[in-house]
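Secondary and tertiary structure notes
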Amino acid sequence: MRRQRVTVLGSTGSVGVSTLDVIARHPEQFEVFALSAATKVEDMLAQCARFQPRFAVMASPAHARQLADRLQAQGLKTEVLMGADALEVIASHAEVDSVMAAIVGAAGLGPCLAAARAGKRLMLANKEALVVGGELFLQAVREGGARLLPVDSEHSAIFQSLPEDPATWPRRIEKIILTASGGPFRTRAAGTLQDVTPEQACAHPNWSMGRKISVDSATMMNKALEVIEARYLFDVTPEQIEVVIHPQSVIHSMVQFTDGSVIAQLGTPDMRVPIAVGLSWPERIESGAARLDFRQMAAMTFEVPDAALFPGLALAWHALRAVPGTTAVLNAANEIAVEAFLERRLRFDRIHAVNTETLAALRPSKPASLDDLLALDAEARSVAQAAVRRFAG
């Protein structure tokens, strides 16, 4: 049986590294066809040496040249490509079976659309494909005949809790319950966050994640984006989605069915589990994750999110009820605000202010194409940058 050929978009990030770890455990089942990264030349060089992909894509000409020179010096034959067009090439290539979409931010939308239109098994760790792309992205999935498999731990948990036939979901699902750890500031008072540092915000109590996602967890904007993603992935209304804080991160999310039953997926907080599900579904393979030990496990608790502490969470339902394109505006504003916070140009407690001001300033038209989405994204970023400058003053 031929091995499954996999492209990993964002291979040097935390999800990409975990994906390669799972792939390395099953060399008889998977081979790496292509890898991509933004600027981490040394990490990409090491990955190319180990997995010997046909292609490696870097974001800029300078980083691509540097990688190509290093590969040539080591006698490695991986071909180096550069830029956004190259990402779409390796995502839609005829020889690729599966694509792990782990590029953080709206930059991952183009290759996700390309993979969807090409009918790939698309493992989606990039929230923005659905948050920004919405119905346009789902249309590409349907028209291309792609298999969409969520890799976010929460959405993978929901997916694993549902019947295999999506046609049965609408009549069976009563409610989707997304769990959240609450991040590092769950027990803080809302008025005490003005002096939070990037280091504090990135110190997640349970998960090992990139800096941007860690800040989103601290504000619970990650959960707002996951609400939007869940609405599109599982074809439910915003009112059918609920968020609860579960500090232990053992239950990764739940589905309540029309008969009152609740089915949940449990596991240790390790991204290799949903990655392994995405790579092997409907089969199961070893992920490398530690097993739950119920004899040692502490009590599981649940809390209602504090609206004053996590004001950004409500923006998910606001954006979903607004005109199409509003979710893309929210995503762009949040990326700009988080970047400014990580660069110490914006206070942590003003991330929400930038997001709400950007939403209030724009009234988008329904995007009809990728160009429309990218133009809306650029406009929202410009508005958010102006808001950052005002709030930073």
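Right above here is the structure, for reference.
To keep things clear, this report deals only with the structure shown in the data block. Because the structure is a prediction, the values reported are computed rather than measured. (Residues numbered from 1 in each chain as written. Predicted model: local features only at pLDDT ≥ 70, side-chain atom pairs only at ≥ 80, totals over all residues. Heavy atoms only, no water.)

**Remarks on the overall build of the chain**
If you tally the helices and strands in the chain, you get 16 helices and eleven strands. Here the C-alpha radius of gyration of the chain, 20 Å, is about what a compact globule of 393 residues would show, namely 21 Å. Out of the 393 residues belonging to the chain, those deemed buried represent 56%. Contacts spanning at least 24 positions in sequence make up 70% of the contacts within the chain whose residues lie at least 6 apart. (Helix = DSSP H or I, 4+ residues; strand = E, 2+ residues; numbered from the N terminus. Rg over C-alpha atoms; globule rule 2.2 N^0.38 Å. Buried < 20%, exposed > 50% of the residue type's maximum accessible area, 1.4 Å probe, protein only. Contact = heavy atoms within 4.5 Å.)

**Overview of the environment of Q74**
Looking at the secondary structure, you find Q74 in the loop between α3 (61-73) and β4 (79-82). Given the relative accessible area of 44%, Q74 is considered partly exposed. Measuring from C-alpha to C-alpha, the distance between Q74 and A49 comes to 8.5 Å, with 25 residues separating the pair along the chain. Contacts of Q74, omitting those with residues within four sequence positions, involve L45 and A49.

**Focus: the layout of surface pockets**
Space inside the second largest pocket adds up to approximately 420 Å³. Along the walls of the second largest pocket sit 17 residues, with L138, P166, W169, Y232 and L233 positioned nearest its centre. (1 Å grid on protein atoms, 1.4 Å probe; cavity = no way out; pocket = protein on both sides within 12 Å on 5 of 7 lines; lining within 4 Å. Points joined across faces, edges and corners; volume = space filled by probe spheres on them.)

**Focus: the pairing of strand β6 (residues 121-124)**
Here β6 shows two buried faces, one formed by R121 and M123 and the other by L122 and L124. Direction of pairing for strand β5 (residues 98-101) relative to β6: parallel, over a ladder of four bridges. Across the sheet, the residue bridging to A101 is L124, located in β6. Handedness of the crossover joining β5 and β6 through helix α5 (residues 109-117): right-handed. Pairing of β6 with strand β7 (residues 147-150), which is carried by four bridges, proceeds in the parallel orientation. Among the inter-strand pairings, R121 is bridged to a residue of β7, identified as R147. For the crossover from β6 across helix α6 (residues 128-144) to β7, the handedness is right-handed. (Pairing = 2+ DSSP bridges. Right-handed = clockwise from strand over helix to strand, strands pointing away.)

**Focus: the nonpolar core**
Grouped together as the largest cluster of nonpolar side chains are 98 residues, with contacts concentrated most on F137, V215, F234 and F348. Residue contributions to this core peak at eleven residues, all from helix α14 (residues 326-342). The contact partners of F348, leaving out residues within four places of it in the chain, are F185, L193, V196, A201, V215, A218, T219 and F341. Formed by 30 residues, the second largest nonpolar core is a distinct cluster that contains I23, C48, M58 and L71. (Core = buried A, V, L, I, M, F, W, Y, C linked by side-chain atoms within 4.5 Å.)

**Some points on α6**
Given a rise of 1.5 Å per residue, 17 residues ought to cover 24 Å, yet the end C-alpha atoms of α6 are separated by just 19 Å, more than 12% below that figure. The sharpest bend along α6 measures roughly 110 degrees and falls at G134. Three or more residues of α6 are buried, namely E128, A129, L130, V131, V132, G133, G134, L136, F137, L138, A140 and V141. Among the residues trailing α6, G145 stands out with phi positive, at a value near 70 degrees. (Expected span 1.5 Å × (residues − 1). Bend = angle between axes of the 7 residues up to and from the residue.)

**What to know about a nonpolar patch on the surface**
Nonpolar side chains collect at one region of the surface, where L266, F294, M300 and F302 lie side by side and expose about 370 Å² of accessible area between them. Among the secondary structure elements, L266 is positioned in strand β11 (residues 262-266). A relative accessible area of 33% means that L266 is categorised as partly exposed. (Patch = residues over 30% accessible without salt bridge, like charges linked within 9 Å, V, L, I, M, F, W, Y side chains within 5 Å. Areas by Shrake-Rupley, 256 points an atom, 1.4 Å probe, with all protein chains shown as cover. Salt bridge = Lys/Arg side-chain N within 4 Å of Asp/Glu carboxyl O.)

**A closer look at helix α12 (residues 272-280)**
Burial runs high along α12: eight of the nine residues are buried. The complete set of buried residues in α12 reads R272, P274, I275, A276, V277, G278, L279 and S280.

**Re the environment of A368**
One can find A368 in the loop between α15 (351-361) and α16 (370-392). By relative accessible area, A368 is classed as exposed at 60%. Note: C-alpha distance between A368 and A129 (239 residues apart in sequence) is 15 Å.

**Let's talk about the side chain of D377**
Residue placement: D377 occurs in helix α16. The exposure class of D377 is buried, given its relative accessible area of 8%. Side-chain polar atoms of D377 contact the side chain of R381, separated by 2.6 Å. Residue contacts for D377: discarding those within four places in its chain leaves A106 and A332. (Polar contact = N/O pair within 3.5 Å; in protein donor to acceptor, adjacent residues only side chain to side chain.)

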